[in-house]
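Chain residues, written in single-letter form:
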Amino acid sequence: MVWRIAFESAVGALSIPNYRVFTIGNTISLIGVWIQRVAVGWLAWELTHSGTWLSLCATADLIPVIVISPWAGALSDRIDHVRLIWITQSLVAVQAAVVAILSYLGVMTVEVLFSLTLVLGVLISTNQPSRLALIVTLVGREKVGSAISINSLTFNATRFIGPVVAGLIISQANIAIAFACSALAYIPFLIALSRIDTGSIEKQNPAPRGNIWRESAEGYAYVLRHPGIGRIIILLFATAICLRGFVELLPGFADQIFKVGPEGLGWLVAMAGLGAITGGLRMLSSSGTNGLTKRIVNHTLVLALAVLCFSATARYELALVCIYIAGYTMVVTGVGTETLIQHAVDPDKRGRVLGLYGMIFRAAPAINAIILGIFSSYFGLQMPLIILALASLLIWAWARLRQADITRALEVEAHQRPVV
């Protein structure tokens, strides 16, 4: 029954030509993203064998979101989403090609790798609010929950495929080939974006062209005043800064704790992706927003316990199970949070609010990974993660006490809002 509902929801969203074209191109592109992320992590570890450098390079594409997202969110409310995404995605392909060439020539250093990955982060941070806001204009608000779940499924299906492919390429060929493959994978998305019929999609209402930073501040103030969006954003931020960044340190766990090499690393990342795929299917089978707040809060508890178990074991098989559960719960909480926000937010503030959501979704795990990486140099990889997993249980308790208020603000009011 669950799978039938999920299938019908997916068919409903994918029957929209623009969204179908976008999804096909985006899926191929995301395979390249995951190949590149695994390759960056492994290359950083090979160059330094330092937990600090590993966390810095693995999260360098996430760090710029803190500075860029406020500006990018306001920009998203002003200009055409498709054009902005196409320009930035073209530059992303160029960046991957440069990394491939430098790696092939053998002149790559960890400082250069960090700098180029930082450039990648600037480009991704610039287009992320537009990518999130574009979805509702492609499918309409009534199908946005299904579309978000499909996006999560494609993201995490490629999170399963990409790391396995990357592990095989790195172990059987070399790191430069992995980066070259990621660069080539970005091209189909550019083709897909050029084929979207912009004349048939819902037109965004551009924000007034005032001071862009003042507009960003207005968007953030709106979030803080909203009785539901503000609290669900706080929960997302707190759990992300404690739990979501540990996956960036998997190269260190694969080498030092589990001793399984690059292929073992690929399977660790892939199991997180497989769990996320299952979580995406579960969310795709859900309809509307009823019960989403309760599901988010409950799965926050499961996520904390899964990460705690992962951080405390040295058994590779048990770690695979724990990371599967963590991947599942991360998607349930992430998709649920974005769906509630998309339903509750005022349309003229969508880009700015989703820019904040995207900033937290990307930057908080990066901060978490950096904290873990720095403290791992003194206390090992496991102990810092154990402490943060225990701290996340307090976050869950805070949210549990406020669950009824969040439900009332986001689920009840969302049903009462007119479809736009």
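Residues numbered from 1 in each chain as written. Predicted model: local features only at pLDDT ≥ 70, side-chain atom pairs only at ≥ 80, totals over all residues. Heavy atoms only, no water.

## Some points on the overall build of the protein
Inference 1: Check the secondary structure of the protein and you find 18 helices and 0 strands.
Inference 2: Computed over its C-alpha atoms, the radius of gyration of the protein comes to 20 Å, within 12% of the 22 Å expected for a compact globule of 420 residues.
Inference 3: Reported as C-alpha extents along the three principal axes, the dimensions of the protein are approximately 55 × 45 × 45 Å.
Inference 4: Going through the 420 residues of the protein one by one, you find that 60% of them count as buried.
Inference 5: Considering only intrachain contacts with a sequence separation of at least 6, the fraction spanning at least 24 residues in the protein is 88%.
Inference 6: Total accessible area computed for the protein in this model is approximately 16,400 Å², and 68% of it derives from carbon and sulfur atoms.
Inference 7: Side-chain charges of the protein comprise 29 positive and 21 negative groups, with the mean position of each set lying 5 Å from the other. (Helix = DSSP H or I, 4+ residues; strand = E, 2+ residues; numbered from the N terminus. Rg over C-alpha atoms; globule rule 2.2 N^0.38 Å. Buried < 20%, exposed > 50% of the residue type's maximum accessible area, 1.4 Å probe, protein only. Contact = heavy atoms within 4.5 Å. Areas by Shrake-Rupley, 256 points an atom, 1.4 Å probe, with all protein chains shown as cover. Lys, Arg positive; Asp, Glu negative; His and termini not counted. Charge placed at Lys NZ, Arg CZ, Asp CG, Glu CD.)

## Brief notes about the pattern of salt bridges
Inference 1: This model, assessed by the stated rule, comprises 2 salt bridges.
Inference 2: Salt-bridge contacts for R231 lead to D405; the nearest nitrogen and oxygen are separated by 3.3 Å. Pair noted here: R231 is in helix α11 (residues 229–242) and D405 is in helix α18 (residues 403–416), with a separation of 174 residues, a long-range link.
Inference 3: On the basis of relative accessibility, which here comes to 29%, the residue R231 falls in the partly exposed class.
Inference 4: Among the salt bridges present, the one from R408 reaches D405, with a minimum N-O distance of 2.4 Å. (Salt bridge = Lys/Arg side-chain N within 4 Å of Asp/Glu carboxyl O.)

## What to know about empty space enclosed by the protein
Inference 1: By the definition in use, this model includes 4 cavities of 30 Å³ or more.
Inference 2: For the largest cavity, the calculated volume is near 1,200 Å³.
Inference 3: Taken together, 46 residues make up the lining of the largest cavity; nearest its centre are W34, Q128, F155, F361 and R362.
Inference 4: Those elements that place two or more of their residues in the lining of the largest cavity are α2 (17–48), α5 (81–105), α6 (110–139), α7 (144–172), α12 (250–257), α13 (261–284), α15 (316–344) and α16 (350–379).
Inference 5: Counting residues per element, the lining of the largest cavity draws most heavily on α2, which supplies 10 residues.
Inference 6: Classifying every residue of the lining of the largest cavity by side-chain character gives 27 nonpolar, 11 polar and 8 charged. (1 Å grid on protein atoms, 1.4 Å probe; cavity = no way out; pocket = protein on both sides within 12 Å on 5 of 7 lines; lining within 4 Å. Points joined across faces, edges and corners; volume = space filled by probe spheres on them. Nonpolar A, V, L, I, M, F, W, Y, C, P; charged D, E, K, R; others polar.)

## As for the packing of aromatic side chains
Inference 1: Applying the stated criterion across every chain yields a total of 10 aromatic pairs.
Inference 2: Measuring from ring centre to ring centre gives 6.2 Å for W53 and F114, while their planes differ by 75 degrees; the resulting arrangement is edge-to-face. Remark: F114 occurs in helix α6 and W53 occurs in helix α3 (residues 51–59); sequence separation between them is 61 residues.
Inference 3: An aromatic cluster of at least three residues, connected via ring pairs, comprises F246, F253, F258, F310 and Y316. (Phe/Tyr/Trp six-rings, centres within 6.5 Å; stacked < 30°, edge-to-face > 60°.)

## Notes on a nonpolar patch on the surface
Inference 1: A cluster of nonpolar side chains, namely I371, I374, F375, Y378, F379, M383 and I387, defines an oily patch on the protein surface of about 730 Å² accessible area.
Inference 2: For the nonpolar patch, the secondary-structure elements that each account for two or more residues are α16 and α17 (382–401).
Inference 3: Among the elements that take part in the nonpolar patch, α16 stands out by supplying 5 residues, more than any other.
Inference 4: The class of Y378 is exposed, set by a relative accessible area of 67%. (Patch = residues over 30% accessible without salt bridge, like charges linked within 9 Å, V, L, I, M, F, W, Y side chains within 5 Å.)

## With respect to the environment of G279
Inference 1: Checked against the element boundaries, G279 lands in helix α13.
Inference 2: For G279, a relative accessible area of 0% puts it in the buried group.
Inference 3: Along the sequence, G279 and K349 sit 70 residues apart, while their C-alpha atoms lie 28 Å from each other.
Inference 4: Among residues more than four places away in sequence, those in contact with G279 are Y328, V331 and V332.

## Some words on the nonpolar core
Inference 1: I229, F246 and F310 are the most contacted members of the largest nonpolar core, which has 94 residues in total.
Inference 2: It is α15 that provides the largest number of residues to this core, a total of 14 residues.
Inference 3: Setting aside residues up to four positions removed in sequence, F246 forms contacts with V307, F310, I323, A326, M330, N368, L372 and L385.
Inference 4: One finds Y19, L134, I150 and I277 within the second-largest nonpolar core, a separate group that totals 18 residues. (Core = buried A, V, L, I, M, F, W, Y, C linked by side-chain atoms within 4.5 Å.)

## Describing the confidence of the model for the protein
Inference 1: Averaged over the protein, the pLDDT score is 82; the fraction of residues at 70 or greater is 90%.
Inference 2: When mean pLDDT is compared element by element in the protein, helix α14 (residues 292–312) scores highest at 93, while helix α1 (residues 2–14) scores lowest at 63. (pLDDT = per-residue confidence, 0-100.)

## Thoughts on helix α8 (residues 175–185)
Inference 1: Inspection of α8 places I175, A176, A178, F179, S182, A183 and A185 among the buried residues, and these make up the whole buried set.
Inference 2: Residues of α8 that are buried sit in contact with α2, α5, α7 and α9 (187–194).
Inference 3: Structurally, the start of α8 carries an N-cap: the backbone nitrogen of A176 is 3.0 Å from a side-chain oxygen of N174. (Polar contact = N/O pair within 3.5 Å; in protein donor to acceptor, adjacent residues only side chain to side chain.)

## Section: unusual backbone geometry
Inference 1: In the Ramachandran plot, H49 falls in the positive-phi region, its phi being about 50 degrees despite a non-glycine side chain.
Inference 2: In this fold, H49 is placed in the loop between α2 and α3.
Inference 3: Of note in this structure, K259 is not a glycine but carries a positive phi near 55 degrees.
Inference 4: Residue position: K259 is located in the loop between α12 and α13.

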